[in-house]
Amino acid sequence: MHFISRDRAIQWQVRAFILVFLIEATVCQIRYSVPEEMRKGSFVGNVAEDLGIDAKRLKSGGARIVSSDSSEYIRLDVDKGTLVVGERIDREQLCGQTSPCSLNFEMIMTNPMQLHSVVVEVLDVNDNAPVFHEKEMHVEILESALSGTEILQVSATDTDVGINALHGYTLHPTTHFNIKVLSSPNGHKYAQLYLSGALDREKEEKLILTLTAVDGGDPQRSGTLKIHVTVRDTNDNAPVFTQSVFKASVKENVPKGTLVARVSATDADEGMNGLVTYHFNRMSSNVAELFHLDENSGDLTVNGVIDYEENKIYEIGVQAKDQGGQSTSTNVIIEVSDVNDNAPLITLTSFSSAIAEDSPSGTTVAIINVKDLDSGKNGKVDCSVNGNIPFAIHSSLKNYYTLVTNGVLDRERNPEYNITFTAVDEGSPPLSTNKTITLRISDVNDNAPVFEQSFYEADIMENNSPGLSVFSVKAHDSDSGQNARVSYLPVSSYVSINSETGVIHAVRSFDYEQIKQLVFTVRAQDGGSPPLSNGSNWVKICFRKSWLFIEFK
């Protein structure tokens, strides 16, 4: 594996580009670039500086990377406010031939809630050499073949991209043969070996050619293929394909053995010289595992799992050979069509498990990410929440939705809500996914205590003992916790009240001849901050001979 020097890495110093835009919660997008194969802990970017915030804000806001796709490669150092390499990044393993290759993830902070989209482009280094599908090949050619006769087409693959990708081919020796470097419709370069000089089987029956594929990197890397050429006696007609290019289409996930295309070639010769067989030519090993070519019938069938999300088009080289050493080549281009085989995926990015009942409309409760790996209509997703609840969902960033309050919350009526997100794609038939969260409504002190009765009355004989329990009052508060704790406060020197139970006691012995009635107030107050009260209730005590009458008004 090839590693770049520190000085060279500095030449590839990352640059950050910030695109800032607002949604319900603050959102920024930041771009960085980093070469592949950098050591673990290598600097990627100063996210705190690029966002224009203090690094301490990242720590106090609980900043974290929320996307699991890139978490192993990029790590957030909240103490320094920087992004660093978490694990060695192999661009080819991560993205294959896709360019540019990017790691996409989100960073989220709370208090206030902020969501930032981060894109890290992984730059290619020349750490892979071109590789041929085979190390050696055997071909046959008639000694009577004319100069310019095509022998075969062959290609190498290089998993690097850009300047580091496959650049060209060279051949040695070139006494009798030479090559043309051609490009397929998708831009992939291949070598066409052709006869450039006369052959004499009696003088030279066996030849060995070395075909070298080189890339454009610095230093340059290469791979070789040994071509063993056997010169045969005359067979004056080569096979001819019925089409210059064969085109076909196939749906993903079709069963093994499904016929994709049938190639056909004819040969004007008779006998064994006119018998044509078909063979794969110029293709990578992973593609060869997906298809089977019947060498006698030319039937091209599915031999593996075809996945549209992995590859949308295949270009396969097919060679037709007769038994006398003549051959010709063609291309089969297979387009893969998408089927709706992936249901949407809902990921809960951020969620406040509890919210105060006095929260204003529009308060952010949760942020979710919704993805569908299919394409076209099959990959378009609509997201909603269950009805008849005081919440609404809004689209924010691409593939992101924000759940906000959309009405009045009352804990005393609904102490919690089960909120179900439903994501449905536009495929036929559509596929859907549900995800349910439970949101608890926390109490605020918005209810005053209320007495059970509008008035109370009791009888008591005069000459009672001091401390005698006269009667009790009771008030209820529909709030919870400390906000519902009721205490009772009397205003009288003749009676006392238990502040917790509401039981009223006579402080002294009453004498009907000295006092006929007593008026005082009792107030019920909760334990909220600030406390709420139902006001003062007047208590009127009327004394009768040997009896005491008490009435609330």
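Residues numbered from 1 in each chain as written. Predicted model: local features only at pLDDT ≥ 70, side-chain atom pairs only at ≥ 80, totals over all residues. Heavy atoms only, no water.

- An unreviewed UniProt entry annotates the chain as Cadherin domain-containing protein originating from Stegastes partitus.
- You can read under Function (unreviewed entry) in the UniProt record for the chain the words "Potential calcium-dependent cell-adhesion protein. May be involved in the establishment and maintenance of specific neuronal connections in the brain."
- Taken verbatim from the UniProt record of the chain, the Subcellular location (unreviewed entry) comment is "Cell membrane". (UniProt positions renumbered as here; feature names shortened; annotations may be inferred.)

## A few points about the overall build of the chain
No. 1: The helix and strand tally for the chain stands at five helices and 43 strands.
No. 2: Relative to the compact-globule value of 24 Å for 553 residues, the chain shows a C-alpha radius of gyration of 42 Å, a clear excess of over 25%.
No. 3: Referenced to the eigenvectors of the C-alpha coordinate spread, the extents of the chain come out at roughly 150 × 55 × 35 Å.
No. 4: Looking at the chain as a whole, 45% of its 553 residues qualify as buried.
No. 5: Looking at the chain alone, contacts between residues at least 24 apart form 65% of all its contacts between residues at least 6 apart.
No. 6: Taken together, the 47 basic and 72 acidic charged side chains of the chain have centroids lying 8 Å from each other. (Helix = DSSP H or I, 4+ residues; strand = E, 2+ residues; numbered from the N terminus. Rg over C-alpha atoms; globule rule 2.2 N^0.38 Å. Buried < 20%, exposed > 50% of the residue type's maximum accessible area, 1.4 Å probe, protein only. Contact = heavy atoms within 4.5 Å. Lys, Arg positive; Asp, Glu negative; His and termini not counted. Charge placed at Lys NZ, Arg CZ, Asp CG, Glu CD.)

## Regarding the side chain of Thr328
No. 1: Here Thr328 lies in strand S26 (residues 327–337).
No. 2: Non-local contacts of Thr328, meaning those with residues more than four positions away in its chain, are made with Pro239, Val240, Phe241, Val318, Gln319 and Ala320.

## Observations concerning the sheet that holds strand S13 (residues 166–172)
No. 1: On the basis of which strands lie adjacent, the open sheet formed by four strands has the order S10-S17-S16-S13 and mixed pairing. The open sheet has two edge strands with one neighbour each: strand S10 (136–142) and S13. Each adjacent strand pair in this sheet contributes to an overall mean axis angle of 25°, direction not counted.
No. 2: With seven bridges connecting them, S10 and strand S17 (residues 222–232) associate as parallel partners. Paired with Leu142 across the bridge in S17 is Arg232. (Pairing = 2+ DSSP bridges. Axes fitted to C-alpha atoms, helices over the stretch in contact; angles between N-to-C directions.)

## Quick look at the pairing of strand S24 (residues 299–302)
No. 1: Residues Asp299 and Thr301 line one face of S24 and the alternating positions Leu300 and Val302 line the opposite face, and both faces are buried.
No. 2: Pairing of strand S20 (residues 259–262) with S24 involves three bridges; the strand directions are antiparallel. Paired with Ala261 across the two strands is Leu300, which belongs to S24.
No. 3: Bridge count for strand S23 (residues 291–293) against S24 is three bridges, and the pairing is antiparallel. Within the sheet, the bridge partner assigned to His292 lies in S24 and is Thr301.
No. 4: A loop of five residues connects S23 with S24, the two strands running antiparallel in sequence, and Gly298 in this loop sits at a positive phi of about 80°.

## Considering the environment of Asp425
No. 1: Here Asp425 shows up in strand S33 (residues 416–425).
No. 2: For the pair Asp425 and Asp382, spaced 43 residues apart in sequence, the C-alpha to C-alpha distance is 6.3 Å.
No. 3: At a separation of 3.1 Å, a polar atom in the side chain of Asp425 contacts the side chain of Asn340.
No. 4: Among the polar contacts listed, one links the side chain of Asp425 to the backbone nitrogen of Gly427, at a separation of 3.2 Å. (Polar contact = N/O pair within 3.5 Å; in protein donor to acceptor, adjacent residues only side chain to side chain.)

## Thoughts on the pattern of salt bridges
No. 1: Inspection of the entire model under this criterion finds eleven salt bridges.
No. 2: In this structure, Glu37 engages Arg88 in a salt bridge whose closest nitrogen and oxygen atoms are separated by 2.6 Å. Of this pair, Glu37 sits in the loop between strand S2 (26–35) and strand S3 (43–45) while Arg88 is found in the loop between strand S6 (82–85) and helix H4 (91–95), placing the two residues 51 residues apart along the sequence.
No. 3: Overall, Glu37 belongs to the buried group, its relative accessible area being 3%.
No. 4: Three or more residues are tied together by salt bridges with common partners; here these are Arg91, Glu92 and Asp124. (Salt bridge = Lys/Arg side-chain N within 4 Å of Asp/Glu carboxyl O.)

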